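As a plain string of letters, each chain reads:
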Amino acid sequence: MTAPSSGTRRLRRTWPQRLLLGFNVFLILTCLVTAGGLGYFFYKFGQLPRIALGHVLTPESEEDPGEPQNFLVVGSDSRVIDPNDPTYDAFGSAEDIGGQRSDTIMVVRVDPRSQRAAILSIPRDLWVPIAGTGGKQRINTAYSEGPDRLIQTIQDAFDIPIHHYVEVNFAGFRGLVNAVDGVPVYFAAPARDDNTGLSVSEAGCVVLSGDQALAYARSRHYKYYEGGSWRTDGTGDLGRISRQQDFIRRALKQAVTKGVRNPVVLQRLVDVGIQNVAVDNSLSARDLLKLGQRFRSLDPNTIEMFSVPTTPAMINGAAVLLVQEAEAQPILDVFRGIEPPPPGAIGPSEVQVRILNGVGESGLASRASDAITGAGFTVSGTGDADSYAYERTTIRYAPGQEAAADLLARHLTNGAVLEATSTVNSADVVLILGQDFTTVTQEAAAVPPSTGAPADAPPPTVTTTTIGVTPPAEVPCG
C-alpha cells in the first residue's frame, strides 16, 4: 500500500474527469486533441488493435453524425499477467478460470449535439437470455463466447443499441493508474479483500498503485475494520460497481490533469492505450476526433451514472441477480434515447375518453374508438355531437384534466382545439371529431399541434433522474 498523500493539491475539474476508466482510449485520444497533436493522434490511433464486429453493431446514422452513440466498454478478465508477476497468484491464469471473463461491463452513451454523457453499469452476474442459445445464464457467460455474443445479448435483452465496442485488459487498467503516478482514494476505515489482494492498513487518503487500484476496483468481498474486528461489506457486485464509479471520477481527474499538461505522462497514457485497448473496426479516427472536439466544454454535472436495478436470487444452486423490470425501464430508456415524461405526466391507460361524431360521417366514431383504444386510451363510449358542423376536432376537459386533454391531442395527427368546461362528467375528456380529423398516432408528439392552450403557457420541462447504485460522495484527498 502506498502511504497516504499529505499534500495533494486540489485540481480543477475538467470535462472528462468523470468519464469511464475502461474508456481510456477515448480519454487518451481526447487529451491528444486538446493538446493539438493531430498528426500524432492519427498515427497512434492507427496502431490500436481492431475487433471485427460490424455484423452485430447497430449502424450509425450516415445523415447525421451528431446523433447519440452507445459505446459498450468491457474490462476483460483475461488474466494476461506474467506468471513471474507478484500479483499472479491473486489474479490466476486463463487455465484457472477457464478462459476470459468480462470483469466489468458498462455502456457509455455520448450525445455530441447536447454534450451529454451517461454511464450504465451492468452486473456480470445478471441473469438474462443469452443471444443465440435459447436459454438464460449470467451475462458474463455471453462474453466468454466472444464480444459479438455479448453485444447481441445486451441489444436483445435491454433493447439498447450498441454502436461501438471498446475492450481494456488488466494490464491496461494497472498501466493507466501507474502512468499518472497512482490515484488518491479516500477510505473511511482500513480495508481488505483476500480474494483480490486489496490491503489498506490505514483510514484516510491513500494513493493506490496500479496493483492496489485493480484489487480495489475488482473487489467483491470487501471488508473494513471497525470496532476492533473485520466486518464484511456484504454488497458484493453492487458494492463493487459503486466503488468503481467513485474510482472513475478520481482516476480521470488525475489522468486528464497530468496527461494534458505533461507530455511525458501523455506519452505514457497513449502507450498504455495502444498496448492494452482494442476497439471495433468501424470506429474511425475522424469520428473520435469530432467527438472529442465537441466534448471539450461539457459540464461535468450533466454526466450521469446508473446501474441496472436488481434483486438477488438462487437459480440451480447459483447466486444470480434478476433485473427489476419496472425500476429498470426509466434507466434503460436513457440509453435507448427515450426522453422521460415531464414530472407529473400521465399515460394513455390513465385517461378515459368519450368520442362524439361531429361531422355526421357514418361509423366515424366507431373507427376512431378502435384507433384511440389501440393507442392505449380507455374509451368509455361513443355517440353523436350536438352538431355535425365541427370543422376542428375538439377536446373538452374538466378542470384538473388539462394533462389528459394535452396527451390525447398529441396522439392526433392534426391535433385538436382544447376547451375547458364544467359539463364533462362521463369521462376524463370528450373528443369531438371534426372535419380535420385523420389518424391517431401510437406515440405522442413531442409538442402539441395547434391547440387552445394559452399562448403564454410555459413549455413542458424534461428532467432526468438518476436511479440505481449511487456512488459515494467524492471526498477530496489533500
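Residues numbered from 1 in each chain as written. Predicted model: local features only at pLDDT ≥ 70, side-chain atom pairs only at ≥ 80, totals over all residues. Heavy atoms only, no water.

Trainee: Can you explain unusual backbone geometry? Please cite residues and give values.
Mentor: Trans is the common state for peptide bonds, and a negative phi is the common state for residues other than glycine. Phi angles above zero are rare outside glycine, and Asp-181 is one such case at about 65 degrees. Secondary-structure assignment places Asp-181 in the loop between helix 7 (170-179) and strand 8 (183-187). Its relative accessible area of 48% is what places Asp-181 among the partly exposed residues. The backbone of Asn-316 sits at a positive phi, close to 55 degrees, despite the residue not being glycine. Note that Asn-316 resides in the loop between strand 16 (310-315) and strand 17 (318-323). (Helix = DSSP H or I, 4+ residues; strand = E, 2+ residues; numbered from the N terminus. Buried < 20%, exposed > 50% of the residue type's maximum accessible area, 1.4 Å probe, protein only.)

Trainee: Pulling in residues and values, what's your account of the sheet that holds strand 18 (residues 352-357)?
Mentor: Two pairing modes exist for strands in a sheet, parallel and antiparallel, and in both the strands are linked by backbone hydrogen bonds. The strand order across the open sheet built from five strands is 19-18-22-20-21, with neighbouring strands paired in mixed fashion. Unpaired on one side and paired on the other, strand 19 (378-384) and strand 21 (417-420) mark the two borders of the sheet. In this sheet, neighbouring strand axes are inclined to one another by 20 degrees on average, regardless of whether the strands run parallel or antiparallel. Inspection of the sheet shows strand 18 paired to strand 22 (residues 429-433) by five bridges, in the parallel sense. Its bridge partner being in strand 22, Leu-356 is matched across the sheet by Ile-432. Most of the contacts of helix 13 (residues 364-374) go to strand 18, to which it runs at about 155 degrees, and overall it touches strand 18, strand 19 and strand 22. (Pairing = 2+ DSSP bridges. Axes fitted to C-alpha atoms, helices over the stretch in contact; angles between N-to-C directions. Contact = heavy atoms within 4.5 Å.)

Trainee: Outline the sheet that holds strand 9 (residues 191-193), listing residues and values.
Mentor: The four strands are arranged 10-9-12-13 in an open sheet whose pairing can be described as antiparallel. Edge positions in the sheet fall to strand 10 (198-200) and strand 13 (229-232), since each of these pairs with one other strand and no more. Along the sheet, successive strands turn relative to each other by an average axial angle of 30 degrees, direction set aside. Where strand 12 (residues 223-226) meets strand 13, four bridges bridge the pair, whose relative direction is antiparallel. Bridged to Lys-223 within strand 13 is Thr-232.

Trainee: Break down the packing of aromatic side chains for me, with residues and values.
Mentor: Tallied over the full model, the rule gives three aromatic pairs. Judged by centre distance (5.4 Å) and plane angle (70 degrees), the ring pair of Phe-187 and Tyr-216 falls under edge-to-face. Separated by 29 residues along the polypeptide, Phe-187 in strand 8 and Tyr-216 in helix 8 (residues 210-217) bring together distant segments of the chain. Grouping residues by exposure puts Phe-187 and Tyr-216 together as buried. Arranged with centres 5.2 Å apart and planes meeting at 65 degrees, the rings of Tyr-225 and Trp-230 form a pair that is edge-to-face. The ring of Tyr-222 is capped by Arg-243, whose NZ or CZ atom sits 4.2 Å from the centre of that ring. (Phe/Tyr/Trp six-rings, centres within 6.5 Å; stacked < 30°, edge-to-face > 60°. Lys NZ or Arg CZ within 6 Å of the ring centre and 35° of its normal.)

Trainee: Outline helix 14 (residues 402-410), listing residues and values.
Mentor: Turning to helix 14, its buried residues are Ala-404, Ala-405, Leu-407, Leu-408, Ala-409 and Arg-410. Where helix 14 is buried, its residues touch strand 18, helix 13, strand 20 (394-397), strand 21 and strand 22.

Trainee: Explain the environment of Val-56 to me, using residue names and the numbers behind them.
Mentor: Following the sequence through the fold, Val-56 ends up in the loop between strand 1 (50-51) and strand 2 (69-76). Excluding residues within four positions of it along the chain, Val-56 makes contact with Asp-148, Ile-151, Gln-152 and Gln-155.

Trainee: Tell me about the side chain of Ser-369, residues and numbers included.
Mentor: Topologically, Ser-369 is positioned in helix 13. Contact partners of Ser-369, with chain neighbours within four places excluded, come to Ile-355, Val-379 and Thr-382.

Trainee: Give me the pattern of salt bridges: which residues, what numbers.
Mentor: Tallied over the full model, the rule gives 12 salt bridges. Here Arg-392 ties to Asp-436 by a salt bridge, and the two come within 2.7 Å at their closest N and O atoms. Note that Arg-392 is positioned in the loop between strand 19 and strand 20 and Asp-436 in the segment after strand 22, a separation of 44 residues in sequence. Overall, the relative accessible area of 30% leaves Arg-392 in the partly exposed class. For Glu-419, the salt bridge is made with Arg-396, and the minimal N-O distance between the two is 3.2 Å. A residue pair is termed long-range when its members are at least 10 positions apart, and Glu-419 in strand 21 and Arg-396 in strand 20 qualify at 23 residues. Here Arg-396 falls in the partly exposed class, since its relative accessible area comes to 24%. Salt bridges sharing common partners tie together Asp-125, Arg-138 and Arg-220. (Salt bridge = Lys/Arg side-chain N within 4 Å of Asp/Glu carboxyl O.)

Trainee: Tell me about helix 13, and please be specific about residues and values.
Mentor: What helix 13 keeps buried is the set Leu-364, Ala-365, Ala-368, Ser-369 and Ile-372. Buried residues of helix 13 fall within an arc of 135 degrees about the axis and therefore sit on the same side. In this structure, the buried residues of helix 13 make contact with strand 18, strand 19, helix 14 and strand 22. In the segment just after helix 13, Gly-376 is the residue with positive phi, at about 105 degrees. (Arc of directions from axis to C-beta.)

Trainee: For the nonpolar core, give the residues involved together with the corresponding values.
Mentor: In terms of nonpolar packing, the biggest core is built from 34 residues, with Leu-72, Leu-120, Ile-122 and Phe-158 touching the most fellow members. Contributions of two or more residues to this core are made by strand 2, strand 3 (102-111), strand 4 (116-122), helix 5 (139-144), helix 6 (147-158), strand 17 and helix 12 (325-336). At five residues, helix 12 tops the list of elements feeding residues into this core. Counting 25 residues, the second largest nonpolar core, distinct from the first, contains Val-353, Leu-364, Ala-404 and Leu-407. (Core = buried A, V, L, I, M, F, W, Y, C linked by side-chain atoms within 4.5 Å.)

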